[in-house]
Amino acid sequence: MAIIPLRGVISNRMNLMGNISGGGGTSSEAFIQQLRNSRDDEGVKAVILDVDTPGGAVSGTDEAAGVVQSFKGIKPIIAQVNASAASAGYWMIAGADEIVVTPSGQVGSIGVYTIHDDISAALEKAGIKKTIIGAGQFKTETNPFAPLSEEALDHVRSQVTAYYDMFVERVASGRGVATSAVRDGFGKGRMVMARQAVADGMADRIGTMEETLQRFGVEPQPDRKRALAPERMKRAASL
């Protein structure tokens, strides 16, 4: 049994930040490698994904989702949501054999967005005028020093829609439903609580990590920090 964490903000190469600051998120690139190693290791009989993420960047997400889905017919892969699988996180785990959500957990936020900051008014107030010099017809069309043109807005919107379509198709494929079921249900961009997620087909059951491990015959490891907590409380009370 292999347990692979999918925690924190997801970025294609979050490991670059981790090397500097000590982590705090998931690298899609590193996550994919862990998945492949576990899938191809004959000594690993099943994989549990330990999921708690608010989502993150599109880059690398569908690639990771594809590797999760590639486990089918090879070995079981279970996504244990403990306690949130939002946006890119849900995108990645949609193809797991089973999605289990802890009782207080949530899944969903199926959607894509981007932001363009127009800071031209702030610059004008500060007495700063930017001159953009570029080559290439559309190279500077999304610069933050001017409002988006209608043409630029249409282009950005088309990209957001294309990524959303990719997200919907992956979820539909992973969950074995029509794309219309994902578009018209599955929270419509909202997070969905555990009980409703199971009822809507977004997840398969409600359960904790401990319960999932026990179903696979694995005894949860004791949490050393929790074990020490009562002793700390006793010492504090005696001061």
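Source: prediction; values computed, not measured.

Draft legend 1. Quick look at the side chain of Thr212. Relative to the helices and strands, Thr212 resides in helix H9 (residues 209-215). Separated by 2.5 Å, the side chains of Thr212 and Gln80 make a polar contact. Filtering out sequence-adjacent residues up to four positions away, Thr212 remains in contact with Ile48, Ile78, Gln80 and Val100.

Draft legend 2. Fine view of the environment of Asp165. Looking at where Asp165 falls in the secondary structure, it is placed in helix H6 (residues 150-175). On the basis of relative accessibility, which here comes to 24%, the residue Asp165 falls in the partly exposed class. Along the primary structure Asp165 and Gly111 are separated by 54 residues, whereas in three dimensions their C-alpha atoms are 9.0 Å apart. Polar contacts involving the side chain of Asp165 include one to the side chain of Arg183, which spans 2.9 Å.

Draft legend 3. Quick look at the pairing of strand S4 (residues 47-53). Burial of S4 is extensive: six of the seven residues sit out of reach of the surface. With six bridges joining them, strand S1 (residues 2-7) and S4 adopt parallel strand pairing. Bridging across to S4, Leu6 finds its partner in Val51. Where S4 and strand S5 (residues 77-86) come together, six bridges link them in parallel fashion. Following the sheet pairing, Val47 is matched in S5 by Ile77. Between the parallel elements S4 and S5, the chain passes through helix H3 (residues 61-69) in a crossover that is right-handed.

Draft legend 4. Fine view of the pairing of S5. For S5, the buried fraction is high: eight of the 10 residues fall into the buried class. Across four bridges, the pairing between S5 and strand S6 (residues 98-101) is parallel. Within S6, the residue paired with Val81 across the bridge is Val101. Once the chain exits S5 it traverses helix H4 (residues 88-93) before rejoining the sheet at S6, and the crossover so formed is right-handed. As paired strands, S5 and strand S7 (residues 106-108) are joined by three bridges and run parallel to one another. Pairing of Ala85 across the sheet is with Val107, part of S7.

Draft legend 5. Inspection of the nonpolar core at higher detail. Within the largest apolar cluster, 42 residues are counted, with the highest numbers of intra-cluster contacts made by Phe31, Leu35, Leu49, Tyr90 and Ile93. Here this core takes five residues from H4, the largest share from any one element. Beyond its immediate stretch of four places on either side in the chain, Leu35 contacts Ile4, Leu49, Ala64, Val67, Val68, Phe71 and Ile77. Ile48, Val100, Met209 and Leu213 belong to the second largest nonpolar core, which has five residues in total.

Draft legend 6. Structural detail: the packing of aromatic side chains. One pass over the structure, following the stated rule, counts one aromatic pair. Here the aromatic rings of Trp91 and Phe167 are separated by 4.5 Å at their centres, their planes lie at 10°, and the arrangement is stacked. Placement of the pair is Trp91 in helix H4 and Phe167 in helix H6, with a sequence separation of 76 residues. Exposure remark for Phe167: the relative accessible area of 0% places this residue in the buried category.

What counts and what doesn't
Residues numbered from 1 in each chain as written. Predicted model: local features only at pLDDT ≥ 70, side-chain atom pairs only at ≥ 80, totals over all residues. Heavy atoms only, no water. Helix = DSSP H or I, 4+ residues; strand = E, 2+ residues; numbered from the N terminus. Polar contact = N/O pair within 3.5 Å; in protein donor to acceptor, adjacent residues only side chain to side chain. Contact = heavy atoms within 4.5 Å. Buried < 20%, exposed > 50% of the residue type's maximum accessible area, 1.4 Å probe, protein only. Pairing = 2+ DSSP bridges. Right-handed = clockwise from strand over helix to strand, strands pointing away. Core = buried A, V, L, I, M, F, W, Y, C linked by side-chain atoms within 4.5 Å. Phe/Tyr/Trp six-rings, centres within 6.5 Å; stacked < 30°, edge-to-face > 60°.

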